[in-house]
Amino acid sequence: MSLFPIDNIRNFSIIAHVDHGKSTLADRILEITGAIKTDEINKQVLDKLQVERERGITVKAQTASIVYRHKGQVFLLNLIDTPGHVDFTYEVSRSLAACEGVILLVDANEGVQAQTVANFYLAFANGLTIIPVLNKIDLKNANPEAVKEQMLNLFEIDPDDVLQISAKHGTGVRDVIERVIDTIPPPTYKCEIEKPFRGLLFDSWFDRYKGAISLLLVVDGEIKKGDHISSSHTGKSYEVKELGILTPKEVLVPQLYTGQVGFITANMRSPKDAQVGDTLYLKGSDVTPLEGFRPAKPMVFAGVYPLDQSENHVLRGALERLTLNDGSVSMNIETSAALGQGWRLGFLGLLHMDVFNQRLEQEHGAQVIITTPSVPYKVELHGEKVIERYGGKEVIVTNPSHWPDTSHIVSTSEPMIMGTIITPDRYLGAVIGLCQEKRGFQHNMKNLDNDRIIMQYQLPLNEIVVDFYDKLKSITSGYASFDYEDIGFQPSSLVKLDFLLNSQAVEELSIIVHKSKAQSFGRYICEKLQEKIPRQLFHIGIQAAVGGKILARTNIKPLRKDVTAKLYGGDITRRKKLLKQQTEGKKQMKMYGKIQVPRETFISILKR
């Protein structure tokens, strides 16, 4: 590692919209630099998770250190392949902290998409060198000139600076590597060789035998095997057991020098010891901690419960190990009368939640129930005793069962997002209709080129969290792209919708909705409950209510025994007497009978 002075190091990321060819470009760069053999089976080499290979998307940013000879000098290139979906922006922002430049990859067929815009501004805000690259120029529908014009209009990128490549066939990839070396600066401006060791921990994962493995950028000084290091976050000290680089295979090295990216194992036995954004430094040295990462802000909350309560401790271990690898997930213990003990997890979006669930099953063998996703709401309260009980005048509520009584509420607010939608103009009417149905407010709209429109809508997060993206793709035949950013809370008329079975509220089924949607949503759940709850020997009334007002009702008819079957003639009064006795018995049964709602009913209603 001493062969690479800091001036010969380049740290860079590949950023793009989902499915624009980031992982394919990474494969070709690894082949050209000799990091992996040229082979037909080299597909998504850096996508190591099963969920990534199945879905064809990058979920986790992956690192590879590669060597390239250029103009008679040997360079060490640290490449980070990043995710492209809006839900994994936290992964991208974390990766950019370890880089000095990025390759902005755009599909010459699809053009600039919503996440391309978001990623460009993320890199721009971090002051990184941006290398614009057009991919998939070998496709017959590719239109490089039109896409260059879009990049000029949106990002003020000179068309002559845009490289044109085909990552699939390797065309022009060597030019990209050489442009990286020529234009991206070495990490000299933020790293100092003379100072004692200081490193930024920007990723970590858990190994059953080695404990927590940390990926770090050596910002100052150098680190070698056997050194004693301390953590700024926990204050604990560790001995460095192993050092290495990812090429993309793990290769052990005796020492890491200033500006280099590598992994470290140091007997960190608890997943909590390797905190992403932490500063590691030589034990006993006086250093200033590096600026960490802004904590990820969960946008979607859902309850996670084991299928069998005896598996609770196994699930806890799985969640702790997985949240080490994915630090953007928040985790709090929660109990439910219907589902038992579980956790309330906060995710960055719906795909993030889906992928997390799939990783739980595939990597840890955990079978879980995930409840309907909800969002956090802000409630302003009045009354001294109420404020004291809730610990403040304003409270954030993530679970409907914690919603305060209506008489104590002054105002309610819900989280809003600014959504960016890029769509072909022929679908404009359908997209506007969908946004209005979801209580959207249009901010602006402009033409991207002759065929496509970029529009910004202010939307409630609650409305987009379940099926907005699917509907948008459906009405635009898959051509529209969507990206959003959080813009904080705004006042809104929110109510808690309760569901009653024979006038008894079932707390687990309660939900927070906008006043205008309460009746239609209440009717939908009542009808679903009518199908799912088994019939009893007495009549069951299912009601949806807000406060004391009933908004919807359905009934489940009782099972009836034929009490007149044993009659074989005789007077009609005998028949009437038996039916009257049965009716009175059913009334009494309704007074004392308890409705047993099966666990499967809760799961089918609460599940997404």
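Heads up: the structure comes first, above all this text.
Quantities reported herein were computed from a predicted structural model and do not represent experimental measurements.

Conventions we followed
- Residues numbered from 1 in each chain as written.
- Predicted model: local features only at pLDDT ≥ 70, side-chain atom pairs only at ≥ 80, totals over all residues.
- Heavy atoms only, no water.
- Helix = DSSP H or I, 4+ residues; strand = E, 2+ residues; numbered from the N terminus.
- Buried < 20%, exposed > 50% of the residue type's maximum accessible area, 1.4 Å probe, protein only.
- Contact = heavy atoms within 4.5 Å.
- Pairing = 2+ DSSP bridges.
- Axes fitted to C-alpha atoms, helices over the stretch in contact; angles between N-to-C directions.
- Phe/Tyr/Trp six-rings, centres within 6.5 Å; stacked < 30°, edge-to-face > 60°.
- Patch = residues over 30% accessible without salt bridge, like charges linked within 9 Å, V, L, I, M, F, W, Y side chains within 5 Å.
- Areas by Shrake-Rupley, 256 points an atom, 1.4 Å probe, with all protein chains shown as cover.
- Salt bridge = Lys/Arg side-chain N within 4 Å of Asp/Glu carboxyl O.
- Lys, Arg positive; Asp, Glu negative; His and termini not counted.
- Charge placed at Lys NZ, Arg CZ, Asp CG, Glu CD.
- Parallel < 35°, antiparallel > 145°, perpendicular 65-115°, else oblique.
- Left-handed = near helix turned anticlockwise from the far one by under 90°.
- Nonpolar A, V, L, I, M, F, W, Y, C, P; charged D, E, K, R; others polar.
- Core = buried A, V, L, I, M, F, W, Y, C linked by side-chain atoms within 4.5 Å.

## A word on the overall build of the protein
Right, so step 1: Within the protein, the secondary structure is distributed over 15 helices and 31 strands.
Right, so step 2: Each principal axis of the C-alpha atoms in the protein carries an extent, and together these give about 115 × 60 × 55 Å.
Right, so step 3: Here the protein, with 608 residues, has 53% of them falling under the buried criterion.
Right, so step 4: For the protein, restricting intrachain contacts to residue pairs at least 6 apart in sequence, the fraction spanning at least 24 positions comes to 70%.

## Points about the sheet that holds strand β18 (residues 330-336)
Right, so step 1: Taken in spatial order, the four strands make up an open sheet running β18-β19-β17-β20, and their pairing is antiparallel. The open sheet terminates on both sides in strands that have one partner only, identified here as β18 and β20 (368-370). Adjacent strand axes in the sheet meet at a mean angle of 30°, parallel and antiparallel pairs treated alike.
Right, so step 2: The pairing of β18 with strand β19 (residues 340-347) spans seven bridges and is classified as antiparallel. Its bridge partner being in β19, Ser 330 is matched across the sheet by Gly 346.

## Considering the packing of aromatic side chains
Each pair of aromatic rings is reported with the distance of its centres and the angle of its planes.
Right, so step 1: The final tally for this structure, using the stated rule, is nine aromatic pairs.
Right, so step 2: Between Phe 120 and Phe 124, the aromatic rings sit 5.8 Å apart at their centres with planes inclined by 15°, giving stacked as the arrangement. In this pair, Phe 120 and Phe 124 are both assigned in helix α4 (residues 114-125), four residues apart and thus about one turn of the helix distant.
Right, so step 3: Centre to centre, the rings of Tyr 377 and Trp 403 are 6.2 Å apart; their planes meet at 85°, and the pair counts as edge-to-face. Of the two residues, Tyr 377 is situated in strand β21 (residues 377-381) and Trp 403 in the loop between β22 (394-397) and β23 (409-424); the sequence distance between them amounts to 26 residues. Trp 403 matches Tyr 377 in its accessibility class, with the two residues each being buried.

## Focus: a positive patch on the surface
Right, so step 1: There is a patch of like positive charges on the surface, built from Lys 561, Lys 566, Arg 574 and Lys 577.
Right, so step 2: With respect to the helices and strands, the residue Lys 566 is situated in the loop between β31 (549-556) and α14 (572-592).

## Digging into the pattern of salt bridges
Right, so step 1: Tallying each qualifying case throughout the model produces 17 salt bridges.
Right, so step 2: Linking Arg 344 and Glu 334 is a salt bridge whose minimum nitrogen-to-oxygen distance equals 3.6 Å. Residue Arg 344 is found in strand β19, and its partner Glu 334 is found in strand β18; the two are separated by 10 residues along the sequence.
Right, so step 3: Residue classification places Glu 334 among the buried residues on the basis of a relative accessible area of 9%.

## A look at the sheet that holds strand β4 (residues 101-107)
Right, so step 1: What the six strands build is an open sheet, ordered β2-β3-β1-β4-β5-β6; its pairing is mixed. Either end of the sheet is taken by a strand with one partner, and the two such strands are β2 (62-70) and β6 (163-164).
Right, so step 2: Across nine bridges, the pairing between β2 and strand β3 (residues 73-81) is antiparallel. By the bridge assignment, Val 67 is partnered in β3 with Leu 76.
Right, so step 3: Strands in contact with α4 are β1 (9-16), β4 and β5 (129-135); relative to β1, the strand with the most contacts, it is inclined by about 150°.

## A closer look at the packing of helix α3 (residues 89-96) against α4
Between two packed helices, what matters for the description is the angle formed by their axes and the separation of those axes.
Right, so step 1: Their axes nearest at 10 Å, the elements α3 and α4 cross at an angle of 30°. Taken as axis vectors, α3 and α4 run roughly parallel relative to one another. In this structure, α3 crosses over α4, and the sense of that crossing is right-handed. Taken together, the residues of α4 that come into contact with α3 (itself represented by Thr 89, Val 92, Ser 93 and Leu 96) are Gln 115, Asn 119, Leu 122 and Ala 123.
Right, so step 2: Here the contact of α3 with α4 is built from residues that sort into four nonpolar, four polar and no charged.

## What to know about the side chain of Ser 231
Right, so step 1: Assignment of secondary structure puts Ser 231 in strand β10 (residues 228-231).
Right, so step 2: On the accessibility criterion, Ser 231 (1% relative accessible area) is buried.
Right, so step 3: With residues up to four places along the chain from it excluded, the contact list for Ser 231 reads Lys 236, Tyr 238, Asp 278, Thr 279, Leu 280 and Tyr 281.

## Observations regarding the pairing of strand β24 (residues 441-447)
Right, so step 1: Pairing geometry for β24 and strand β25 (residues 452-460), over six bridges, is antiparallel. Note on β25: the bridge partner recorded for Lys 446 is Ile 454.

## Some details on the environment of Pro 404
Right, so step 1: In this fold, Pro 404 is placed in the loop between β22 and β23.
Right, so step 2: The spacing of Pro 404 and Val 368 is 36 residues in sequence and 29 Å in space, taken between C-alpha atoms.
Right, so step 3: In contact with Pro 404, not counting residues within four places along its chain, are Val 379, Leu 381, Tyr 390, Val 397 and Ile 409.

## Some details on the pairing of β23
Right, so step 1: For β23, the tally of buried residues reaches 14 of 16 residues, placing the bulk of the element in the interior.
Right, so step 2: Where β21 lies against β23, four bridges are found, and the strand directions are antiparallel. From the neighbouring strand, Leu 381 faces β23, where its bridge partner is Ile 409.
Right, so step 3: Bridge count for β23 against strand β26 (residues 481-491) is nine bridges, and the pairing is antiparallel.

## A short note on the nonpolar core
Right, so step 1: In this structure, Leu 360 and Phe 468 are the most contacted members of the largest nonpolar core, which totals 49 residues.
Right, so step 2: Leave out the neighbours within four places in its chain, and Leu 360 touches Leu 315, Ala 318, Leu 319, Leu 322, Gly 365, Ala 366 and Val 368.
Right, so step 3: Grouped together as the second largest cluster of nonpolar side chains are 27 residues, Ile 36, Val 133, Leu 163 and Ile 165 included.

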